[in-house]
Amino acid sequence: MMDKSHRVLFEPMKIGSLMLKNRYSMAPMGTLGCVDNDGAYNQRGIEYYIARAKGGVGLIITGVQMVENELEQFPMPSLPCPSYQPTAYIRSAKEMTERVHAYGTKIFAQLTAGWGRSCIPGFSPEDKSIAPSEAPNRFNPEQIHRELTTEEVQYFIGKFIESAVIAQKSGYDGVEIHAVHEGYLLDQFTMSFFNKRTDQYGGSFENRYRFAVEIVEGIKAICGKDFPVSLRYSVKGNMKGFGQGILPGEQAQEVGRDMEEGLKAAKYLQEAGYDALNVDAGTYDAWYWNHPPNYFKPGMYQPYCKAVSEVVDIPVLMAGRMEDPELASHAINEGIADGISMGRPLLADPDVVNKIRRGRFNEVRPCLSCHLGCLGRMAEVGNLSCAVNPSCGREEEYKLTAAYQKKKIVVIGGGVAGMEAARIASDRGHDVVLFEKSSVLGGNVIPGSQPPFKHDDRLLIDWFSGEMARKHVDVRLNTVATKITIEDEQPDSVIFATGSRPAQPSWLTGFNKPHVMMAETMLMNPEFITGGHIAVIGAGLVGAEAALWMAQRGKQVTLIEASDDIIGGPHSTCFANYQMLKELLIAEKVDIKTSTYLKAITDNGITVRPASEPEANIKLKCDHVIVAMGYKAEDSLFSQLANELDVDEIYNIGDSQAARTIMTAIWDGYEVGRSI
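Residues numbered from 1 in each chain as written. Predicted model: local features only at pLDDT ≥ 70, side-chain atom pairs only at ≥ 80, totals over all residues. Heavy atoms only, no water.

Caption draft 1: Seen up close, the sheet that holds strand S30 (residues 649–652). A sheet is described by the order of its strands in space; here five strands give the open sequence S18-S17-S16-S19-S30, paired in parallel fashion. A strand with exactly one partner marks an edge of an open sheet, and here the two such strands are strand S18 (474–476) and S30. Direction aside, neighbouring strands of the sheet carry axes that sit 15 degrees apart on average. Bridge analysis of strand S16 (residues 408–412) against strand S17 (residues 431–435) gives five bridges, and the strand direction is parallel. Bridging across to S17, isoleucine 409 finds its partner in valine 432. (Pairing = 2+ DSSP bridges. Helix = DSSP H or I, 4+ residues; strand = E, 2+ residues; numbered from the N terminus. Axes fitted to C-alpha atoms, helices over the stretch in contact; angles between N-to-C directions.)

Right, dumping it as structure tokens:
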């Protein structure tokens, strides 16, 4: 049953005259892969939102929908666009809104002016690069965005009104304007750092916010005063310069929107006619604020939302890793916000709200704030999904069906790949046994989850362990798999998920020296680090996060990396995570030496060679050497037994196939588990 302290989350609330059944909303997130060539939602997109309505949220706010596709052009299919092919759009959206309403959920269409100088290069043609004033691109300063004319700004306003009318005809209960938020085009108009215009849309406070004001005034004039219009709103920029964010707790001069102007603007925008403010903080220059990585503590927007709530009378919606109902109910009871908005948690588990209502929060599959399956995947022009929920964005195609024939399945390895395969196969009706040679489940995620900022990874291990019991998987810990023990089970299928192990390059000696340890050993035993100066070898994710944790514990850390950037650079992972990790390492005074090769491990440190000095041998003294030089597949058991077992089906999944990411491990497990 529902915890009494959480009942406040299930009280009805109003946005304008619209009544919502509870205080939960689905935060807007982009929906690449969910749109057809007409700029309308395809069946994937419809099923994606239906799953979240069925999961219990009171309001769905869709991901961005373009109001036009001429000035800042995106190739179709990309994002929804009501004005692109209105008849096709209405036909699709009407089916979606009707089905959403069947679950008692309301739905807003989020309408955007687009990206401006924040557009990721390649998403839109360079000759379609626009901005309030001439400006370099956020990600590629060599790409210059031209200034919009006054007539083009007014064209945008007309397209917002037109798109809102189309949304209303499609059955949406309201619209959200995107965005005086995150440094998108509309937000760039509001900030003097970006807006150098001399017409009525630049200069004074009123002129800079005129674009946003004329949008809501125009929509209300045509759609009616009772048609709700919400605003996605970043109350503070947390930006100290081009491409530079202000970290949590850091004291720095704000060059974007400061709190004084942010609160003034909140009141001004309420007076203009907005019915709700969907509040966060940040800009594309401080991108991690709008897309919080795991390095943030949950609820990071609370001070911002509290300040806004104190100056406006309209509802304030708050996201920011708010899935914990204790945190959410506290925010409502303390007047910090009126509604709780969840984005990525609803990708990880569409049933979060229903599980909280039933007092089963422990069964919620946790979001890792990793961005691997959502933001990072979309930046690579991949379809929206989720690292821990492979069916996200393809709910109908990937839904589980009961097994036609019950089989006996042996899974070897209790990491996330093996546990995902086991739970899915068991859920479908198979008889599943899982062998794990150690005394605990979790595999390589266990050491990786030890730093405090990896708390969500620990939650994932706990969730998977719970799933093994809930799905009736026969888990056998401290059990070594052999040909005999496997065949004794008389399995129809065997799934090898034996993971990976830390790499030790054959050319490098010194691993046995007393001051040298693998990163996994240090992560599990931080008390072993008694000295003050540490060298971490390898700035992949494990090495970089190990360096950060040790620096946060007061150690002097040198981070050595052969390539020219940490964690593969800004394009190998989500940029928000990359930017925040890099800025945190700098703030913690980690000495990052990229393009630097490890030559030798000595008795009192290491010898390195910078790429720029081929003949150099630089000796660095340190108390401890932490080795984080990647992983290699632990596939020896598969190689040994694959052709020896008398079994119909044999699979090798996750890191046992190739050392990759937590997402590929889970996705492999789901794919094989659902297909047997």
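Caption draft 2: Just helix H9 (residues 302–309), in detail. Among the eight residues that make up H9, six are buried, leaving the element largely enclosed by the rest of the structure. Those residues of H9 not exposed but buried are Gln302, Tyr304, Cys305, Ala307, Val308 and Ser309. On the buried face of H9, the contacting elements are helix H7 (259–272), strand S13 (276–280), helix H8 (287–290), strand S14 (316–318) and helix H10 (325–333). (Buried < 20%, exposed > 50% of the residue type's maximum accessible area, 1.4 Å probe, protein only. Contact = heavy atoms within 4.5 Å.)

Caption draft 3: Local environment of the environment of methionine 259. For methionine 259, the location among the structural elements is in helix H7. Take methionine 259: its relative accessible area is 23%, and that puts it in the partly exposed class. Expressed as a C-alpha distance, the spacing of methionine 259 and glutamate 206, which sit 53 residues apart in the sequence, is 17 Å. Dropping the residues within four chain positions of it, methionine 259 is found in contact with Val235, Lys236, Tyr304 and Ala307.

Caption draft 4: Local environment of unusual backbone geometry. Of note, the bond from methionine 76 into proline 77 is cis; its omega dihedral lies within 30 degrees of zero at 0 degrees. With respect to the helices and strands, the residue proline 77 is situated in the loop between strand S4 (59–66) and helix H2 (86–101). Following histidine 178, the chain continues to alanine 179 via a peptide bond in cis, the omega torsion being 10 degrees. We note that histidine 371 has phi near 65 degrees; this positive angle belongs to a residue other than glycine. Secondary-structure assignment places histidine 371 in the loop between helix H12 (352–357) and helix H13 (375–379). Its identity as a non-glycine residue notwithstanding, histidine 472 has a phi of 60 degrees, on the positive side. For histidine 472, the location among the structural elements is in the loop between helix H16 (455–470) and S18.

Caption draft 5: Seen up close, the pairing of S17. For S17, a buried count of four out of five residues is recorded, marking the element as mostly surrounded by other parts of the structure. For the handedness criterion, the β-α-β arrangement of S16, helix H14 (residues 416–427) and S17 is classed as right-handed. Of the strand pairs in this sheet, S17 and S18 are connected by three bridges, and their pairing is parallel. When the sheet's bridge partners are listed, valine 433 is paired in S18 with aspartate 474. (Right-handed = clockwise from strand over helix to strand, strands pointing away.)

Caption draft 6: Representation of the packing of aromatic side chains in the model. Tallying each qualifying case throughout the model produces 26 aromatic pairs. For the ring pair phenylalanine 139 and tyrosine 284, a centre distance of 6.0 Å and an interplane angle of 85 degrees mean the geometry is edge-to-face. Note that phenylalanine 139 is positioned in the loop between strand S7 (135–136) and strand S8 (144–147) and tyrosine 284 in the loop between S13 and H8, a separation of 145 residues in sequence. Their ring planes at 80 degrees and their centres at 5.8 Å tell us that tryptophan 289 and tyrosine 304 sit as a pair that is edge-to-face. A residue pair is termed long-range when its members are at least 10 positions apart, and tryptophan 289 in helix H8 and tyrosine 304 in helix H9 qualify at 15 residues. An aromatic cluster of three or more residues is present, and its members are Phe74, Trp115, Phe123, Phe139, Tyr184, Tyr284, Trp287, Phe575 and Tyr578. One residue, lysine 264, lies across the ring of phenylalanine 205, its end atom 4.2 Å from the ring centre. One Lys or Arg, arginine 394, reaches over the ring of tyrosine 398 and ends 4.0 Å from the middle of that ring. (Phe/Tyr/Trp six-rings, centres within 6.5 Å; stacked < 30°, edge-to-face > 60°. Lys NZ or Arg CZ within 6 Å of the ring centre and 35° of its normal.)

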